[in-house]
Amino acid sequence: MPTKYDLRPELQKYGWIRLPTRPWMLKVANALMPVIQHGKRLDSRLQSETVQIGGCTANFIRPRVGNTGNLLVYYHGGAFLIKAAAYHKNLAQTYALNANCAVLFVDYRLAPRYKFPIPVMDCFAAYSWALEHLPFGKLVVGGDSAGADLAMSVMLLAREKRLRMPDGQMLVYPGAASSPDTDSMRKFKDTPMWNAVLNSRALALYADEKDRHDPLFMPLLSKHFDGFPTAYVETAEFDCLHDAGIEIAQRYRKDGIAVTLNETQRTMHGYDIAEGAPYVQEQVEKRVLFLTRCFAP
């Protein structure tokens, strides 16, 4: 279905999609997700096992041969409300194969049943579990959309508790928990996949008003990001979260953090659902290149 936005032709067919934010729709979507988003089979070059970490689970995916012991702890997007989609899990396989690393893909508990700070605590528990149980070389945290915000919250907690910080961070269209008072939030109220109206509804389900000033809810409220590792920040052009991603990159640079900023063009939030599109594959290659550099000896 065409949209009024100048999306790339391969993205136009997703113009009708709006992620659910009504509680009854979330129940249906999450119940059907394993059926409608089954994803591709596990690549024969990989092995996977499910681990229980506190109240949540995670898939531990790693190459059968050649893994250097490096690890990506990954938190999927979905507005803190929706289960991982097939393309999230497919991308985890891509990262494991092409960046030669293990991936801990975290299925944190979801709002509105499990509101803030439970998803943050699940994600931090997975990070702590990795530090305790896995003999790895280097460690990167990453996520997309809400998952990118959760990755930032995990780093805030790790810094506060004086735990080992990761060696890199990969944030794909971050800023789900960000200020509604930005140009992109005011401008993009009807964009495909995700928009400011849906974002406002999602945050209302995710956190009570009393929690809205907590940096663990909105990492951009943190006074500084000293101690955070080198970062990859990716934005989508027609995305209500666009300006939050730019602000994160700017704040990082102000605090002396090296940042690779990738501002994708003619894209909407969640555009990498179009896995086979050449432009999407080009951006995924940039993510893999960043991971490879983080994992270099």
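Up top is the structure.
A brief look at the structure comes next. Bear in mind that the values here come from a model prediction, so they are computed numbers and not experimental data. Within each chain, residues carry numbers counting from 1 in the order of the written sequence. Residues qualify for local features only when their pLDDT is at least 70, as the model is predicted, and side-chain atom pairs are given and counted only at 80 or more; totals for whole chains, interfaces and linings, by contrast, use all residues. Here the side-chain values reflect all heavy atoms present in the structure, with hydrogen atoms and water set aside.

**Section: the nonpolar core**
Step number 1: Counting 111 residues, the largest nonpolar core has Leu 71, Tyr 75, Tyr 95, Val 103, Leu 104, Tyr 206 and Tyr 252 as the members making the most contacts within it.
Step number 2: The dominant element in this core, judged by the number of residues it contributes, is helix α4 (residues 146-160), at 10 residues.
Step number 3: The residues touching Leu 71, leaving out its near neighbours within four places in the chain, are Phe 60, Cys 101, Ala 102, Val 103, Leu 104, Ala 130, Leu 134, Phe 136, Lys 138, Leu 139, Val 140 and Phe 295. Joining through side-chain atoms within 4.5 Å is the link that ties buried Ala, Val, Leu, Ile, Met, Phe, Trp, Tyr and Cys residues into a set, and such a set is a nonpolar core. Relative accessibility under 20% of the residue-type maximum defines a buried residue, over 50% an exposed one, and the middle range a partly exposed one, all with a 1.4 Å probe and only protein chains included. Runs of H or I in DSSP of at least four residues are treated as helices and runs of E of at least two as strands, each being numbered from the N terminus. The contact criterion used throughout is that any non-hydrogen atoms of two residues lie within 4.5 Å.

**With respect to the pattern of salt bridges**
Step number 1: Salt bridge, as used here, is a side-chain nitrogen of Lys or Arg placed within 4 Å of a carboxyl oxygen of Asp or Glu. The full count for this structure, using the stated rule, is 12 salt bridges.
Step number 2: Residue Arg 186 is joined to Asp 181 by a salt bridge in which the shortest nitrogen-to-oxygen separation is 2.3 Å.
Step number 3: Under the relative-accessibility criterion, Arg 186 is labelled partly exposed at 42%.
Step number 4: You can call Asp 181 exposed: its relative accessible area is 57%.
Step number 5: Ionic pairing is found between Asp 272 and Arg 287, a salt bridge with its closest N-O pair at 3.0 Å. One end of the pair, Asp 272, is in the loop between β8 (259-263) and α8 (278-295); the other, Arg 287, is in helix α8, and 15 residues separate them in sequence.

**Looking at the packing of helix α2 (residues 86-98) against α8**
Step number 1: Where α2 meets α8, the closest approach of the two axes is 10 Å, and the angle between their N-to-C directions is 45°. By the criterion of interaxial angle, the relationship of α2 to α8 is oblique. Note that α2 runs across α8; the crossing there is right-handed. Where α2 approaches α8, its residues Leu 91, Thr 94, Tyr 95 and Asn 98 are matched on the opposing element by Val 284, Arg 287, Val 288, Leu 291 and Thr 292.
Step number 2: Classification used: nonpolar for Ala, Val, Leu, Ile, Met, Phe, Trp, Tyr, Cys and Pro, charged for Asp, Glu, Lys and Arg, polar for all others including Gly. A breakdown of the residues in the contact of α2 with α8 according to their chemical character gives 5 nonpolar, 3 polar and 1 charged. Here an axis means a line fitted to C-alpha atoms, over the contact stretch when the element is a helix, while the angle between two N-to-C directions is reported on a 0 to 180 degree scale. Here the angle decides the label: under 35 degrees means roughly parallel, over 145 means roughly antiparallel, 65 to 115 means roughly perpendicular, and every other value means oblique. If you view the pair so one helix is near and one far, a crossing is left-handed when the near helix is turned anticlockwise from the far one by less than a right angle, and right-handed when it is turned clockwise.

**Some remarks on the pairing of strand β3 (residues 71-75)**
Step number 1: Where burial is concerned, most of β3 is hidden: 5 out of the 5 residues are buried.
Step number 2: Burial of the side chains of β3 extends over both faces: Leu 71, Val 73 and Tyr 75 are buried on one face and Leu 72 and Tyr 74 on the other.
Step number 3: Should DSSP find at least two bridges between two strands, the strands are taken to pair. In the sheet, β3 pairs with strand β4 (residues 102-107) via 5 bridges, with the strands oriented parallel. Counted as the bridge partner of Val 73 is Leu 104 from β4.

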